[in-house]
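Examination of the molecular architecture
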Amino acid sequence: RDDDDINDVASMAGVNLHEESARIMATNSDLVGSQMQSCKDEPFLAAVPLHKRILETAKKLGITDVPAEVVTFISHATQSRLRTVIEKVTVITQHRMESYKDDEWYEQATDVRSQLKFFEQLERLEKQRKDEQEREILLKAAKSRSRQEDPEQARLKQKAKEMQQQELAQMRQRDANLTALAAIGPRKKRKLDAPGLLTIGGEGVGLCGGSQAGLGTGSPRQYPRQKITRVNLRDFIFYMEHERDMSRSLLLYRALLK
């Protein structure tokens, strides 16, 4: 009865269900009865060394035969485990590199960097004041013309003489550097040989292909810089400390000792 109701509604709309079904089957005739095949199952690890390693472990447990399906399964499990570890460690690294300076919901309470700079400046001023005092004492000792000089006075005069010679040498070196810079002239920025050329480890890597890679042709393009996530040992240690299976492992203790 339901089919009759559907036919009545379709006939009222001017649609013939049999013709539509035949048309659909004719359109997708190449897919009907065809066998779908998945892509080739390629193991993540090398099969021969992995099989040898599994056999060595299995012999200790009294197992003499390990089929190839087990090797493939362990290879895929290793790939899945490695992918999970990399994803989690990447999230940890991104959280570590995240900056909250521009976030309107965060207010800076302390600035340790500015405090350290302030203390460094105080130490620099104190050292400069002590150097000035020592310099004045040495200059006074060098200008004194007493006939009977004690050994301390002679030592101060000798030290004042060495200080003056050192200052004179520094002034000569500074004048020589200024003369050399004036002779060289203003430094010019080195131009790239071709547009879209990046330097990696001292070797040029061209990014433009085909007709766009010609020398001196076209305008240089601004390629977006790829963001690189750098994972360090501290990120791995943080990950292992919060993993149930690795929080008490020997690998974590070895990483903490490095």
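In the block above lies the structure referred to throughout.
It should be emphasised that the depicted structure is a prediction, and the values quoted were computed from it without experimental measurement.

In this section: the overall build of the chain. From N to C terminus, the chain includes eight helices and two strands. Shown N-terminal to C-terminal, the secondary structure of the chain runs as helices and strands in the order α-α-α-α-α-α-β-β-α-α. Counting only residues that meet the buried cut, the chain has 12% of its 258 residues in that class. When contacts within the chain are restricted to residue pairs at least 6 apart in sequence, those whose partners lie at least 24 apart make up 42%. With an accessible surface of roughly 23,900 Å², the chain has 54% of that area assigned to carbon and sulfur atoms.

We now examine the side chain of Asp 235. Residue position: Asp 235 is located in helix α7 (residues 233-241). Excluding residues that lie within four positions of it along the chain, Asp 235 makes contacts with Val 89, Ile 92, Thr 93, Arg 96 and Arg 230.

For the rest of this paragraph, the subject is the packing of helix α4 (residues 68-97) against α7. For the pair α4 and α7, the least separation of the axes is 9 Å and the interaxial angle reads 115°. On the basis of the axis angle, α4 is roughly perpendicular to α7. Crossing hand, α4 versus α7: right-handed. Between α4 and α7, the contacting residues are Arg 81, Val 85, Lys 88, Val 89, Ile 92, Thr 93 and Arg 96 on the first element and Asp 235, Phe 236, Phe 238 and Tyr 239 on the second. In the contact of α4 with α7, the residues fall into six nonpolar, one polar and four charged.

Before going further, it helps to spend a moment on α7. Within α7, burial applies to Asp 235, Ile 237, Tyr 239 and Met 240. Of the surrounding secondary structure, the elements contacted by the buried residues of α7 are α4 and α8 (250-257). For α7, the N-terminal cap is Asn 232; the gap from its side-chain oxygen to the backbone nitrogen of Arg 234 is 3.3 Å.

Conventions we followed
- Residues numbered from 1 in each chain as written.
- Predicted model: local features only at pLDDT ≥ 70, side-chain atom pairs only at ≥ 80, totals over all residues.
- Heavy atoms only, no water.
- Helix = DSSP H or I, 4+ residues; strand = E, 2+ residues; numbered from the N terminus.
- Buried < 20%, exposed > 50% of the residue type's maximum accessible area, 1.4 Å probe, protein only.
- Contact = heavy atoms within 4.5 Å.
- Areas by Shrake-Rupley, 256 points an atom, 1.4 Å probe, with all protein chains shown as cover.
- Axes fitted to C-alpha atoms, helices over the stretch in contact; angles between N-to-C directions.
- Parallel < 35°, antiparallel > 145°, perpendicular 65-115°, else oblique.
- Left-handed = near helix turned anticlockwise from the far one by under 90°.
- Nonpolar A, V, L, I, M, F, W, Y, C, P; charged D, E, K, R; others polar.
- Polar contact = N/O pair within 3.5 Å; in protein donor to acceptor, adjacent residues only side chain to side chain.

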